[in-house]
Amino acid sequence: MPPTAPRLRAGRAISTAAAVAAGLTLSGCGFLPVVLFDPGADSPYRLEVGDCLLTEFTDDEVDRVNTVDCTDPHRAEVYAITTLDDGDFPGLAKVKETAEDICREEFLWFVNVDYDDSELEFSLLHPSEQSWNVFNDRQVTCVIIDPRGTTGSLKGANR
């Protein structure tokens, strides 16, 4: 998705790969699929508040993220994680709207500046319909971005 706005809304593509792998493993086809992954990459499901990321998200769906020590140069940091209410999938538009509202509110708390007045940006991860239904994914992950890059945490950046 081209960055038409400072917020990129990314579903979790890992659910698709995991569902296919689980289906092949359990289907009795006589073989186990080999799932290749970058050992330096982390699952977006395992991100925690305070994790720093080498780059911000660039795709509509994210299946891997590269975390770095926050003392190293980086562009992004996880600043909030929230779990949405259980129930039927409310639709992608509603999930995106709710996730954006959550991240805007948490942005103010984290940076001490309203998003509209800040030079910083945010991105977010939210459940896709498939990850919601197959893996009970309800997690919204808010990620603050410093377009210039930074070292250390952006908590209380006041900019």
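Above this text sits the structure in question.
The structure reproduced in this document is the subject of the present report. (Residues numbered from 1 in each chain as written. Predicted model: local features only at pLDDT ≥ 70, side-chain atom pairs only at ≥ 80, totals over all residues. Heavy atoms only, no water.)

1. Remarks on the state of the cysteines
Thought 1: Taken as a whole, this structure holds 2 disulfides when the rule is applied.
Thought 2: For C52, the disulfide goes to C70, at an S-S distance of 1.9 Å. In this structure the cystine formed by C52 and C70 twists about its S-S bond by roughly 100°; its chirality is therefore right-handed. On the criterion of sequence distance, the pair formed by C52 in strand β2 (residues 52–53) and C70 in the loop between β3 (67–68) and β4 (74–83) is long-range, its members being 18 residues apart. Considered together, C52 and C70 belong to a single accessibility category, that of buried residues.
Thought 3: Once the disulfide-bonded cysteines of the chain are ranked by sequence position, their pairing pattern turns out to be 1-2, 3-4. (Disulfide = S-S within 2.5 Å. Helix = DSSP H or I, 4+ residues; strand = E, 2+ residues; numbered from the N terminus. Buried < 20%, exposed > 50% of the residue type's maximum accessible area, 1.4 Å probe, protein only.)

2. Focus on unusual backbone geometry
Thought 1: Although it is not a glycine, N112 sits at a positive phi angle of roughly 75°.
Thought 2: Locating N112 in the fold gives a position in the loop between α2 (92–111) and β5 (121–125).
Thought 3: Given the relative accessible area of 47%, N112 is considered partly exposed.
Thought 4: In the Ramachandran plot, N158 falls in the positive-phi region, its phi being about 55° despite a non-glycine side chain.
Thought 5: Position of N158 among the secondary structure elements: in the segment after β6 (139–150).

3. Digging into the pattern of salt bridges
Thought 1: Going through the model one piece at a time under the given rule, you end up with 7 salt bridges.
Thought 2: Residues R138 and D86 are paired through a salt bridge, measuring 3.4 Å at the closest nitrogen-oxygen approach. Highlighted residues: R138 in the loop between α3 (129–135) and β6 and D86 in the loop between β4 and α2, separated in sequence by 52 residues.
Thought 3: Judged by its relative accessible area of 61%, D86 is exposed.
Thought 4: A salt bridge links R148 to D146; the shortest N-O distance between them is 3.9 Å.
Thought 5: Look at the salt bridges and you will find they share partners, linking E119, D146, R148 and R159 into a network. (Salt bridge = Lys/Arg side-chain N within 4 Å of Asp/Glu carboxyl O.)

4. Examining the pairing of β6
Thought 1: A large share of β6 lies buried, amounting to 9 of its 12 residues.
Thought 2: Here 8 bridges tie β4 to β6, and the two strands are oriented antiparallel to one another. Considered in β6, the bridge of A80 is made with C142.
Thought 3: One ladder, built from 5 bridges, connects β5 with β6; its direction is antiparallel. Paired with L125 across the strands is T141, a residue of β6. (Pairing = 2+ DSSP bridges.)

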